[in-house]
Amino acid sequence: MQATRIIAVRHGETAWNVDTRIQGHLDIALNDTGHWQARQVARALADEPLAAVYTSDLQRAHATAQAIAQASGAPLVAEPGLRERSFGELEGRTFAEIEAELPEQARRWRQRDPHFAPTGGETLVQLRERIAATTHRLAAQHTEQLIVLVAHGGVLDMLYRMATGLDLQAPRTWLVTNASINRLLWTPQGLTLVGWADTQHLDTGSRDETVT
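Presented here is an overview of the structure given in this document. Quick caveat, the model's predicted, so the values are computed rather than measured. (Residues numbered from 1 in each chain as written. Predicted model: local features only at pLDDT ≥ 70, side-chain atom pairs only at ≥ 80, totals over all residues. Heavy atoms only, no water.)

## What about the packing of helix H2 (residues 32-45) against helix H3 (residues 59-72)?
The condition is simple: Angles shown run from 0 to 180 degrees and are taken between the N-to-C directions of axes, each axis being a line fitted to C-alpha atoms and, for helices, limited to the stretch in contact. Numbering of helices and strands starts at the N terminus; helices are DSSP runs of H or I of at least 4 residues and strands are runs of E of at least 2. Note on convention: the crossing is left-handed when the near helix lies turned anticlockwise from the far helix by less than a right angle, right-handed when the turn is clockwise. Contacts between residues were defined by any pair of non-hydrogen atoms, one from each residue, lying within 4.5 Å. Residue classes follow a fixed rule: Ala, Val, Leu, Ile, Met, Phe, Trp, Tyr, Cys and Pro count as nonpolar, while Asp, Glu, Lys and Arg count as charged, and any other residue, Gly among them, counts as polar.
One can describe the packing of H2 onto H3 by two numbers: an axis separation of 8 Å at closest approach and a directional angle of 35 degrees. In this structure, the crossing between H2 and H3 has a hand that is right-handed. Judged by residue contacts, Ala38, Val41, Ala42 and Leu45 of H2 engage Thr64, Ala67, Ile68, Ala71 and Ser72 from H3. The class makeup of the residues in the contact of H2 with H3 is seven nonpolar, two polar and no charged.

## Quick word on the packing of aromatic side chains
The cut-off we apply is this: A pair of aromatic rings is counted whenever rings of Phe, Tyr or Trp (Trp by its six-membered ring) have centres within 6.5 Å, and the orientation is called stacked for planes under 30 degrees apart, edge-to-face for over 60 and tilted otherwise. Only protein chains enter the accessibility calculation, which uses a 1.4 Å probe. A residue is then buried if its area is under 20% of the maximum for its type, exposed if over 50%, and partly exposed in between. A ring is scored as having a charge over it whenever the NZ atom of a lysine or the CZ atom of an arginine sits within 6 Å of its centre and within 35 degrees of its normal.
Tallying each qualifying case throughout the model produces four aromatic pairs. Their ring planes at 15 degrees and their centres at 4.3 Å tell us that Tyr160 and Trp174 sit as a pair that is stacked. Remark: Trp174 occurs in the loop between helix H7 (153-164) and strand S5 (181-187) and Tyr160 occurs in helix H7; sequence separation between them is 14 residues. In this structure, Tyr160 and Trp174 share a single accessibility class: buried. Seen in terms of ring centroids, Tyr160 and Trp196 are 5.0 Å apart; in terms of plane orientation they differ by 70 degrees. Their pairing is edge-to-face. Of this pair, Tyr160 sits in helix H7 while Trp196 sits in strand S6 (residues 190-198), placing them 36 residues apart in sequence. There is no split in this pair, since Tyr160 and Trp196 are both buried. Put simply, the rings of Phe87, Phe95 and Trp109 touch in pairs and so form one group of aromatic residues. The ring of Phe95 has Arg110 lying over it, and the distance from NZ or CZ to the ring centre is 5.2 Å.

Here it is, written out as structure tokens:
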């Protein structure tokens, strides 16, 4: 059976994560905690037989992936298909600002309407299609190998749903924390969940996917 092992990692913390401000495609850097988290996850994966480290090209993910690649010696490849969901005009706003200024968009977002796109952004259906296609394309190049995908909260949430068969509108009951280690198995038939939300390498709390 053709199979590829995948380690999915969410980027380290940013100041906007702390502020509950939507990042989306905006290119926000890691804060000091995020750089520390990147070093910790790199140390945790240093001895894994990584064939490649693929990363969103946004700097919060790329910097996290760069630490992993340097520690393991694996090649680093930027992959725009791993970017966070585009939130259009919601980007740069806090949750509270969205609720106050754009209540109808806030309502549809909270309800996880799969066909709702923030003005200028992506729907959940479009995000799922993009992440499924990108994951399939990358994993198919590395059968019988182990790769790392460094991405964003919304991307990891989608990987979990794809691996477990959960609907796009199902309430999220799983964690998607900064710099967590999440393991999946890919075959041409799809993804299987192996392990999720490992944060043993972090000796302090890590923020859940409240802001992507």
